[in-house]
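Analysis of the macromolecular model
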Amino acid sequence: MITVKNLTKSFGELEVLRGIDQHIAPNEKTVIIGPSGSGKSTFLRCLNLLEQPTGGQILFDGVEITSPACDINHVRRKMGMVFQQFNLFPHLTVMKNLTLSPTTLGLLNKEQAREKAEQLLIRVGLLDKANVYPAQLSGGQKQRIAIVRALAMEPQVMLFDEPTSALDPEMVGEVLDVMKQLAVDGMTMVVVTHEMGFAREVGDRVLFMDEGLVVEEGPPEQIFGAPQQARTQDFLRKVL
Amino acid sequence: MLFSDIATWFSGVQAEFTLNFITSNRWRLIYNGLLVTLQITLVACLMGIVIGIIVATVRTTKDKAGHTMRKGLPRTLLVIVDWVCRLYITVIRGTPIVIQLMIMYFVIFVSSRNGVLVAILAFGLNSGAYVSEIFRGGIMSIDAGQFEAGRSLGLNYVQTMGLIIAPQVLKNVLPTLANEFIVLLKETAVAGYVAVGDLTFAANRIRGVTYSAFMPLIAVALIYLTLVMFLTWLVGKLERRLRQSDNR
């Protein structure tokens, strides 16, 4: 579904990504772990071009999205993204947060969008919050809304950028539950996270990144059970 | 004794009032001046907002997206327009409004006899520079994540700016913006320099004829004060409506 070829990204002198080759298959759950500054968030943000890659290619469904001719707005409709800081639109109600994009882009009319939003809110148990503003929600509720806001576009793949890192510990569970349910439903997911339990349970494939490279990859049993690289072993010893 | 003193004083005030406002329908000067002041302020204000939005958009686009744009004509164009915008702000903010007004009237539009129109242009251009900086500050204060969230949902640059960034900017800048227009309203008092018959000019004309300063100046001061208080009340109402989403 997503093919990444020799992806590089520099911010000025700083090389954040130093050549990444990856293939993400449909329905696959890819979990990216690694220390801060390893480039995992930058890699994820390159996938929908929130960061413009310095070099290399990204193909989505066979289309080269890194080419200047590609209409990135069209591609982004099919790639949902969830941010660490939620980024809900504070001036709009929960319902409007969910319906803004589908109606603005003419994918659904107002009535259809409202119905779809209600279904999604039921799915995360927040239908009663439809008409409140984000400021009135807890962190966990905000992130659940952010997830269904992305889902309202019916994306083919969901990108998660440390979705639980800004949450109070007792709210992490409710967000992970929504993500697990999404995984069970067969969504293609790429998740950057520090939640090793989640990586182990949900991931089909775990990438360990350090210093702008994928140092080691494999099924969670292998990465967590028998890591091959010294750097991976060192990292896991510290976090587990 | 005391009573007759008060009576004398009162009849004096009454005579002054009659002389300054009633005789030869002098109140009409003030009334017409008020209309001119309102006209200049209102149109200059709208002009300032339009210029401000354009200049602020150019400058923030250059600051935020300029370095990620591919080299080519659009980028070169953006850099040039950004430079022009900065020059405009520097010149306008660096010179007194009275000088700008007189340059407009006596140098640039030397053949125009429509002082009100020239004043509107001068005050609008002046206000635009200040308003653009207000909007720019407002746009910069919005978290980059808001923009990214909009774009990640497939909205294009203009849709994201219009539907997500602009409403939040408006709410944040409203108090500062209102302040700018209160300043503008009072700044128009110098329009008399180019023979525009605004409110202040009316007071001066009455003073020139009646040789009494107290009545016309106090009257005009009270009118300015009332206008500013009305404006403050109006903005307060608008602000409360926009702050709806802040309620916890």
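Here the structure is a predicted model, which means the values were calculated and not measured. (Residues numbered from 1 in each chain as written. Chains lettered and ligands numbered in written order. Predicted model: local features only at pLDDT ≥ 70, side-chain atom pairs only at ≥ 80, totals over all residues. Heavy atoms only, no water.)

Another aspect to go through is the packing of aromatic side chains. Scanning all chains against the criterion turns up 6 aromatic pairs over all chains. Here Phe147(B) and Tyr157(B) contribute two aromatic rings whose centre-to-centre distance is 5.7 Å and whose plane-to-plane angle is 70°, an arrangement assigned as edge-to-face. Separated by 10 residues along the polypeptide, Phe147(B) in helix α6 (residues 144-152) and Tyr157(B) in helix α7 (residues 157-187) bring together distant segments of the chain. Using a relative accessible area of 27% as the deciding quantity, one classes Tyr157(B) as partly exposed. The ring of Phe89(A) has Arg149(A) sitting right over it, with the charged end atom 4.3 Å from the ring centre. (Phe/Tyr/Trp six-rings, centres within 6.5 Å; stacked < 30°, edge-to-face > 60°. Helix = DSSP H or I, 4+ residues; strand = E, 2+ residues; numbered from the N terminus. Buried < 20%, exposed > 50% of the residue type's maximum accessible area, 1.4 Å probe, protein only. Lys NZ or Arg CZ within 6 Å of the ring centre and 35° of its normal.)

On to the nonpolar core, then. With 68 residues, the main nonpolar core has Ile2(A), Phe43(A), Leu47(A) and Phe123(B) as its most contacted residues. Sorting elements by how many residues they give to this core places helix α5 (residues 115-141) of chain B first, with 9 residues. Leu98(A), Phe160(A), Met187(A) and Phe198(A) belong to the second-largest nonpolar core, a separate cluster that totals 37 residues. (Core = buried A, V, L, I, M, F, W, Y, C linked by side-chain atoms within 4.5 Å.)

At the interface, 28 residues of chain A touch 23 residues of chain B. The tally of links between chain A and chain B comes to 1 salt bridge. With its nearest N and O atoms 2.7 Å apart, the salt bridge here joins Arg45(A) to Glu148(B). Across the contact surface, chain A and chain B share 7 residue pairs in polar contact (both at pLDDT 80 or more). Only α2 (72-76), β6 (79-82), α3 (94-104) and α5 (139-151) of chain A provide two or more residues apiece to the side of chain A that touches chain B. For the side of chain A that touches chain B, the element with the most residues is α3(A), which contributes 3 residues. In the side of chain A that touches chain B, the residues fall into 14 nonpolar, 10 polar and 4 charged. (Contact = heavy atoms within 4.5 Å. Salt bridge = Lys/Arg side-chain N within 4 Å of Asp/Glu carboxyl O. Polar contact = N/O pair within 3.5 Å; in protein donor to acceptor, adjacent residues only side chain to side chain. Nonpolar A, V, L, I, M, F, W, Y, C, P; charged D, E, K, R; others polar.)

With that out of the way, let us pick up the pairing of strand β3 (residues 29-33) of chain A. In regular strands, side chains alternate between the two faces of the sheet. Residues and elements named next belong to chain A. Counted residue by residue, β3 has 5 buried out of 5 residues, so it is predominantly covered. Side chains Lys29, Val31 and Ile33 of β3 all project onto a buried face; the interleaved residues Thr30 and Ile32 project onto the opposite face, where all are buried too. In this structure, β3 lies alongside strand β9 (residues 205-210), joined through 4 bridges in parallel fashion. Following the sheet pairing, Ile32 is matched in β9 by Leu207. (Pairing = 2+ DSSP bridges.)

Looking now at the confidence of the model for chain B. For chain B, per-residue confidence averages 91 on the pLDDT scale, and 99% of positions sit at 70 or higher. Scored as a complex, the prediction yields pTM 0.84 and ipTM 0.92. (pLDDT = per-residue confidence, 0-100.)

Moving on: the side chain of Thr93(A). Residue and element names in this part refer to chain A. Considering the arrangement of structural elements, one finds Thr93 in the loop between β6 and α3. A relative accessible area of 15% means that Thr93 is categorised as buried. Ignoring sequence-local partners within four residues, the contact set of Thr93 consists of Ala130, Asn131, Val132 and Tyr133.

This next bit is on the layout of surface pockets. All names here are of chain B. In this structure, the second largest pocket occupies an estimated 560 Å³ of space. Listed by contribution, the elements that provide at least two residues to the lining of the second largest pocket are α2 (27-65), α7 and α9 (214-242). Grouping the constituent residues of the lining of the second largest pocket by class yields 18 nonpolar, 1 polar and no charged. (1 Å grid on protein atoms, 1.4 Å probe; cavity = no way out; pocket = protein on both sides within 12 Å on 5 of 7 lines; lining within 4 Å. Points joined across faces, edges and corners; volume = space filled by probe spheres on them.)

All names here are of chain B. With 12 residues, helix α8 (residues 199-210) should cover 16 Å at 1.5 Å per step; its first-to-last C-alpha distance of 17 Å lies within 8% of that length. Looking at α8, one finds that the buried residues are Leu199, Ala202, Ala203, Ile206 and Thr210. All buried residues of α8 lie within an arc of 100° about the axis, which places them on one face of the element. Buried residues in α8 make contact with α1 (2-22), α2 and α9. Count one or two residues on from α8 and you reach Tyr211, which has phi positive near 60°. (Expected span 1.5 Å × (residues − 1). Arc of directions from axis to C-beta.)

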